[in-house]
Amino acid sequence: MFNMKNFFSISLLFFLCITLCSCPYSSIYRLDDNPSIDVEDILLGKWATFVKKPGTTREEPVKMILSRKTETEYNIALLGFTDELRPFHVVTADSVLGTAFMSVIGDKKFFNISVKSNIYIAELKFEDDKLSILPLVEHFTSKMIFSNTALRNSVAFHYKTRVHAMYDDDFCLRNMVKVN
């Protein structure tokens, strides 16, 4: 027998699962207390790729611009993604502006990307002159994070215990190429 209450409850749970699974991890904490790794000149410039719009097969161009803010920090600008980012209230006109600095855990490089007082953690891959920025998904850890050290330990544990890291695929910028 069809029970409308159960149907509504299951539908609501499904919607919540999808909603919670489609957000990049953000917090007020960073992987390091202070930036200490020098800006890599090879990363500076304009990068571009195409990303699939969630729920469609259509691709849209996205551009990322990295410039030097200080000896250890980057300015970062993302152009594109505006429809997907509006619900997060980080879009300024047609772009997202922020800063970033690099951290290293084991043999992996990460960006601590600061946008409007939120810190997003993204793995950084540079191979064959292509750059990928892979943000961790909101639920990469089930622990409550209360310090920079706890976040660093959780990321290290995540990478040691998983065959594949958990990225937020909707916000990954894969195989970006340098453009003029």
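This text follows the structure it describes.
Residues numbered from 1 in each chain as written. Predicted model: local features only at pLDDT ≥ 70, side-chain atom pairs only at ≥ 80, totals over all residues. Heavy atoms only, no water.

A. Spotlight on the overall build of the protein chain. What the protein chain contains, in helices and strands, is 3 helices and 9 strands. Secondary structure elements in the protein chain, listed N-terminal to C-terminal, are α-β-β-β-β-α-β-β-β-β-α-β. Counting over 180 residues, the protein chain shows a buried share of 41%. Here the analysis covers contacts within the protein chain between residues at least 6 apart in sequence; of these, 58% occur between residues at least 24 apart. Just so you have it, the protein chain exposes about 10,800 Å², and 58% of that area is on carbon and sulfur atoms. (Helix = DSSP H or I, 4+ residues; strand = E, 2+ residues; numbered from the N terminus. Buried < 20%, exposed > 50% of the residue type's maximum accessible area, 1.4 Å probe, protein only. Contact = heavy atoms within 4.5 Å. Areas by Shrake-Rupley, 256 points an atom, 1.4 Å probe, with all protein chains shown as cover.)

B. Expanded view of the pattern of salt bridges. Considering all chains together, one arrives at 5 salt bridges under this definition. Measuring nitrogen to oxygen at the nearest pair gives 3.7 Å for the salt bridge that ties Glu71 to Arg68. By relative accessible area, Arg68 is classed as partly exposed at 34%. Residues joined in a network through salt bridges with shared partners are Asp41, Arg68 and Glu71. (Salt bridge = Lys/Arg side-chain N within 4 Å of Asp/Glu carboxyl O.)

C. Expanded view of the side chain of Thr99. Note on placement: Thr99 falls in strand β5 (residues 95-105). The exposure class of Thr99 is buried, given its relative accessible area of 18%. Those residues within four positions of Thr99 in sequence are excluded, and the remaining contacts are Lys69, Glu73, Tyr74, Asn75, Ile76, Asn112, Ile113 and Ser114.

D. Structural view of the pairing of strand β6 (residues 108-115). As paired elements, β5 and β6 share 7 bridges and run antiparallel to each other. For Met102, the partnering residue across the bridge sits in β6 and is Phe111. From the end of β5 to the start of β6, which pair antiparallel, there are 2 residues, and Gly106 there has a positive phi angle of about 60°. Summarising the sheet, β6 and strand β7 (residues 118-127) pair through 7 bridges and their orientation is antiparallel. Bridged to Val115 within β7 is Asn118. (Pairing = 2+ DSSP bridges.)

All we've got here are geometric facts, nothing functional implied.
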